[in-house]
Amino acid sequence: MSLFFPLTLPCGAVIPNRIAKAAMEENMADDDHAPSAELLRLYQAWAEGEAGLIVTGNVMVDARAMTGPGGVVLEDDRHLDRFRAWAEAARSRGAQAWMQINHPGRQMPAGLDQETLAPSAIALDLGALSKQFAVPREMTEADIAEVERRFVTTAILAERAGFTGVQIRTVRRQLRGAGDDGRGARWAQPRT
Ligand SMILES: Cc1cc2nc3c(=O)[nH]c(=O)nc-3n(C[C@H](O)[C@H](O)[C@H](O)COP(=O)(O)O)c2cc1C
């Protein structure tokens, strides 16, 4: 087996080789939280490295729930042309381009002045960094349903923009199993 053999996924998608670029949040959005010209240039450069799979840095499903000031948000089709250009750049040398989509739950930096929401009202414990994060408000069932709907909306828009897949980021310390009371873990159980 060589690094340069294609990999066929169970869904039929083919990744042309075994080299993947992992998700790394760029914080390079423009003032509208859409992909900037610099971000497109970066992905063009990554595409030219000919990785088989390019996963974007996390793209937020809700502009009210950000992890940084220059985060990309995809919650409606206002800037879909810029997302199309992003997908085009990432795919320009044959890579699969997957958009990583995220809601950061209780890992929203307090300095961004957003209401912090998480399944449990238990603050993030990140050692010396903990003071950067507020105690979250416990999400209602309606909040949870809204976040679920937002993941679906963003995934549909990513597909419309030309991304060939999405990676759903539900980090355990953020949303899934977020508190010691297990509410987030219960929410993360598969449901019919
Ligand atoms: C600057 C930076 C930004 C990152 N942003 C994300 C991100 O948006 N989503 C994610 O799932 N992981 C993110 N990560 C984690 C990386 O994708 C990767 O999992 C991590 O660096 C461990 O991989 P390594 O052992 O090869 O370094 C980030 C890492 C770095 C260094």
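The rules behind the values
Residues numbered from 1 in each chain as written. Predicted model: local features only at pLDDT ≥ 70, side-chain atom pairs only at ≥ 80, totals over all residues. Helix = DSSP H or I, 4+ residues; strand = E, 2+ residues; numbered from the N terminus. Rg over C-alpha atoms; globule rule 2.2 N^0.38 Å. Buried ≥ 20, exposed ≤ 12 C-beta atoms within 10 Å, placed from the backbone. Near = placed C-beta within 6 Å. Nonpolar A, V, L, I, M, F, W, Y, C, P; charged D, E, K, R; others polar. Axes fitted to C-alpha atoms, helices over the stretch in contact; angles between N-to-C directions. Left-handed = near helix turned anticlockwise from the far one by under 90°. Contact = placed C-beta atoms within 7 Å. Core = buried A, V, L, I, M, F, W, Y, C linked by C-beta atoms within 7 Å. Expected span 1.5 Å × (residues − 1). Pairing = 2+ DSSP bridges. Parallel < 35°, antiparallel > 145°, perpendicular 65-115°, else oblique.

Chemist: Any chance you could explain the overall build of the chain here in plain terms?
Modeler: Scanning the chain from N- to C-terminus turns up four helices and 10 strands. Helices and strands in the chain line up, N terminus first, as β-β-β-α-β-β-β-α-β-β-β-α-β-α. Computed over the C-alpha atoms, the radius of gyration of the chain is 17 Å, within 12% of the 16 Å expected from 2.2 N^0.38 for a compact globule of 192 residues. Each principal axis of the C-alpha atoms in the chain carries an extent, and together these give about 45 × 35 × 35 Å. Counting the 192 residues in the chain, one finds 35% classified as buried.

Chemist: What's the story with the site of the ligand in this structure? I'm lost.
Modeler: Around the ligand sit Ala22, Ala23, Met24, Glu25, Gly57, Asn58, Gln100 and Arg169, and that is every residue in its neighbourhood. Grouping the amino acids of the shell around the ligand by side-chain chemistry returns three nonpolar, three polar and two charged.

Chemist: I tried to follow the packing of helix α2 (residues 80-91) against helix α3 (residues 141-161) on my own but got confused; where do I start?
Modeler: When two helices pack together, their arrangement is given by the angle between the helix axes and the distance between those axes. Axis separation between α2 and α3 bottoms out at 8 Å; the angle between their running directions is 65°. The chirality of how α2 crosses α3 is right-handed. Between α2 and α3, the contacting residues are Leu80, Phe83, Arg84 and Ala87 on the first element and Leu157, Arg160 and Ala161 on the second. Among the residues making up the contact of α2 with α3, the classes are represented as five nonpolar, no polar and two charged.

Chemist: Got a minute to help me understand the environment of Val59 in this structure?
Modeler: As for its placement among the helices and strands, Val59 is situated in strand β5 (residues 59-60). Beyond its immediate sequence surroundings of up to four residues, Val59 is in contact with Val72, Val73, Leu74, Met99, Gln100, Ile101, Asn102 and Thr154.

Chemist: What exactly am I supposed to notice about the nonpolar core here?
Modeler: Nonpolar side chains in soluble globular proteins tend to end up buried together. One finds Ile54, Trp86, Ala90, Ala158 and Phe163 to be the most contacted residues of the largest nonpolar core, which totals 34 residues. Listed by contribution, the elements that provide at least two residues to this core are α1 (37-48), β4 (53-55), β5, β6 (72-73), α2, β7 (96-102) and α3.

Chemist: I keep staring at α2 and nothing clicks. Help me out?
Modeler: Along an α-helix, residues three or four apart share an orientation, since each turn contains 3.6 residues. Compared with the 16 Å implied by 1.5 Å per residue over 12 residues, the 16 Å span of α2 between its first and last C-alpha is a close match. Buried residues of α2: Arg82, Phe83, Ala85, Trp86, Ala87, Ala89 and Ala90, and no others.

Chemist: Could you clarify how one ought to interpret unusual backbone geometry in this entry?
Modeler: Outside of glycine, negative phi angles account for most residues, and trans bonds account for most peptide bonds. In the Ramachandran plot, His33 falls in the positive-phi region, its phi being about 65° despite a non-glycine side chain. Here the phi dihedral of Glu50 falls at roughly 65°; this positive angle occurs in a residue that is not glycine.

Chemist: What is the right way to look at the pairing of β7 in this model?
Modeler: In summary, the side chains of a regular strand alternate between the two faces of the sheet. Buried residues dominate β7, accounting for six of its seven residues. Examined bridge by bridge, β4 and β7 share three bridges and lie parallel to one another. If you follow Val55 over to β7, its bridge partner there is Trp98. Bridging between β5 and β7 involves two bridges; their strand directions are parallel. Within β7, the residue paired with Val59 across the bridge is Ile101.

Chemist: Please explain the packing of α1 against α2 as it appears in this structure.
Modeler: Axis separation between α1 and α2 bottoms out at 7 Å; the angle between their running directions is 20°. Of the possible angle classes, the one that applies to α1 and α2 is roughly parallel. Each of Leu39, Leu40, Tyr43, Gln44 and Ala47 in α1 lies in contact with α2, whose residues at this interface are Ala85, Trp86, Ala89 and Ala90. Residues belonging to the contact of α1 with α2 are distributed by class as follows: eight nonpolar, one polar and no charged.

Chemist: Just to check I follow, could you spell out the environment of Gly111 for this structure?
Modeler: Structurally, the position occupied by Gly111 is in the loop between β7 and β8 (117-118). When the 11 C-beta atoms within 10 Å are taken as the criterion, Gly111 is described as exposed. For the pair Gly111 and Pro10, spaced 101 residues apart in the sequence, the C-alpha separation amounts to 43 Å.

Functional significance is not addressed by these values, which are geometric in nature.
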